[in-house]
Every structure is written in C-alpha cells, then in structure tokens.
Amino acid sequence: MDEELGGISEEYYDIPPVKYEYLDHTADVQLHAWGDSLKEAFEQCGMAMFGYMTELEYVQIKDVHTIEASADDLMGLLYHFLDELLFLFSYEPFLICKKLVITEFNTQEFKIVCRCYGEEFVIGKHPQGTEVKAITYSAMQIIDDPKDNKYEVFVIIDI
C-alpha cells in the first residue's frame, strides 16, 4: 500500500459513473470505454478490465497504490497502462480496484501516473469473474476527437 487511507479526503470515495461496455469477440472480449476526455476514457477502460474480473460493487476502498506507465506512442501508452493494472492485480496483495484516478496524463511524452483505489482480492468476498490473461494490441483503437467531444478506446483482452 502506498499510503494509509486515513489522510484521504471524502472525494476519493466518490465513484464515477460507468462509461464502458463489453463487446463480444472470438475467444476474447473487447473493452469499449469512453469519457469526457481521453484521460477519463483511459480510466474507464481500466475499470472495465477490473469489472470483468469481479463485481465491483463488492470492492471497498481500503488501499491506495500508484502505478506509472510510459511508451513511445498513444496506443503503447494505453497498452502499458492496462498491463500495469493487470500486474497490480496479479501480484500480492492482488489489488482489485474500485476507482482509478490518473494524476498525470502526458500525451506528448506518453506517460501516465495513476492512483489505484481498492482492496486485496479475496475469494469468498469478491465473486470471481473471468481471468484476464493479457492485454493485446489486436484491433486497438483510440478516438481522440476534441472537435466533436468524442473520446473512446477499444481494447481486446485475452481471457
């Protein structure tokens, strides 16, 4: 855990509305997420992945971890961001996130810093969803259209 939750203000317990859906894909699943900004679309895509692994209403905010991701381009940044989140879940204490807050979203240098709020995944408390094995670049799309206020991402995850 990066820090004790005692110093966290109430606003961090507010959970944003769901802005993602799951699309069928042969032997895998496609995450489709959107937001009022590209940053929010990335956050929502991360939440979609966690939502596929368990029912998020059973997750409480007890721990906070910070992850960083960097890449050479925007698609690589989305890939590495999701891969870091998957690693966070796969490595002790097996953090399942209820909320993600990207605190640094640099699309010029392709860097993300994200605070991940959740708790340790515990079988019995958290319903087991589908295991996510890997993030893929297959059919990955990023729609970044400020003119039409359209920010969406599509990512296929290997399950």
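Residues numbered from 1 in each chain as written. Predicted model: local features only at pLDDT ≥ 70, side-chain atom pairs only at ≥ 80, totals over all residues. Heavy atoms only, no water.

Residues and numbers for unusual backbone geometry, please.
Along the chain, Glu92 connects to Pro93 via a cis peptide bond; the corresponding omega equals 10°. Tracing the backbone shows Pro93 in the loop between helix H2 (74-90) and strand S4 (95-106). Positive phi, normally seen in glycine, also occurs at Phe110, with a value near 55°. Along the polypeptide, Phe110 turns up in the loop between S4 and strand S5 (111-120). Look at Asn149: it is not a glycine, yet its phi comes out positive at around 50°. (Helix = DSSP H or I, 4+ residues; strand = E, 2+ residues; numbered from the N terminus.)

For the nonpolar core, give the residues involved together with the corresponding values.
Judged by nonpolar contacts, the single largest core of 46 residues is most densely connected at Phe42, Phe50, Phe81, Leu85, Leu100, Cys116 and Val153. Of all elements in the fold, only strand S2 (28-35), helix H1 (38-53), strand S3 (63-70), H2, S4, S5 and strand S8 (150-158) reach the threshold of two or more residues within this core. The element contributing the most residues to this core is H2, with 10 residues. With residues near it in sequence (within four places) discarded, Leu85 still touches Gly46, Met49, Phe50, Ile67, Leu100 and Cys116. (Core = buried A, V, L, I, M, F, W, Y, C linked by side-chain atoms within 4.5 Å. Buried < 20%, exposed > 50% of the residue type's maximum accessible area, 1.4 Å probe, protein only. Contact = heavy atoms within 4.5 Å.)

Please give an account of the UniProt feature "domain: Archease" (unreviewed entry) in the chain that cites residues and values.
UniProt feature "domain: Archease" (unreviewed entry): in the numbering of this structure it lies at residues 20-159. Note that residues 20-159 is 24% helix and 43% strand, and that its end C-alpha atoms are spaced 18 Å apart. (UniProt positions renumbered as here; feature names shortened; annotations may be inferred.)

Describe the side chain of Lys99, listing the residues and the values that go with them.
Tracing the backbone shows Lys99 in strand S4. Despite its burial, Lys99 remains without a salt bridge, the nearest opposite charge being carried by Asp14 at 6.1 Å. Within polar-contact distance, the side chain of Lys99 engages the backbone oxygen of Asp14 at 2.8 Å. (Lys, Arg positive; Asp, Glu negative; His and termini not counted. Salt bridge = Lys/Arg side-chain N within 4 Å of Asp/Glu carboxyl O. Polar contact = N/O pair within 3.5 Å; in protein donor to acceptor, adjacent residues only side chain to side chain.)

Describe the side chain of His32, listing the residues and the values that go with them.
Within the element layout of this structure, His32 appears in strand S2. His32 gets classed as buried once you look at its relative accessible area, which sits at 9%. Side chain to side chain, His32 and Glu21 meet in a polar contact 2.6 Å long. Engagement of the side chain of His32 in a polar contact is seen with the side chain of Glu152, the distance being 2.5 Å. Discounting chain neighbours no more than four positions away, the residues touching His32 are Lys19, Tyr20, Glu21, Leu23, Glu152, Val153 and Phe154.

Give a description of the pattern of salt bridges that names residues and reports values.
In the structure shown here, the tally under the stated rule is six salt bridges. As a salt-bridge pair, Asp36 and Lys19 come within 3.3 Å of each other at their nearest N and O atoms. A residue pair is termed long-range when its members are at least 10 positions apart, and Asp36 in the loop between S2 and H1 and Lys19 in the segment before strand S1 (20-25) qualify at 17 residues. On the basis of relative accessible area, Asp36 is assigned to the exposed category, the value being 55%. Linking Lys62 and Glu119 is a salt bridge whose minimum nitrogen-to-oxygen distance equals 3.6 Å. Of the two residues, Lys62 sits in the loop between H1 and S3 while Glu119 sits in strand S5, which places them 57 residues apart along the sequence. Classification of Glu119 as buried rests on a relative accessible area of 3%. Salt bridges here are not isolated pairs; linked through shared partners, they connect Lys19, Asp36 and Glu40.

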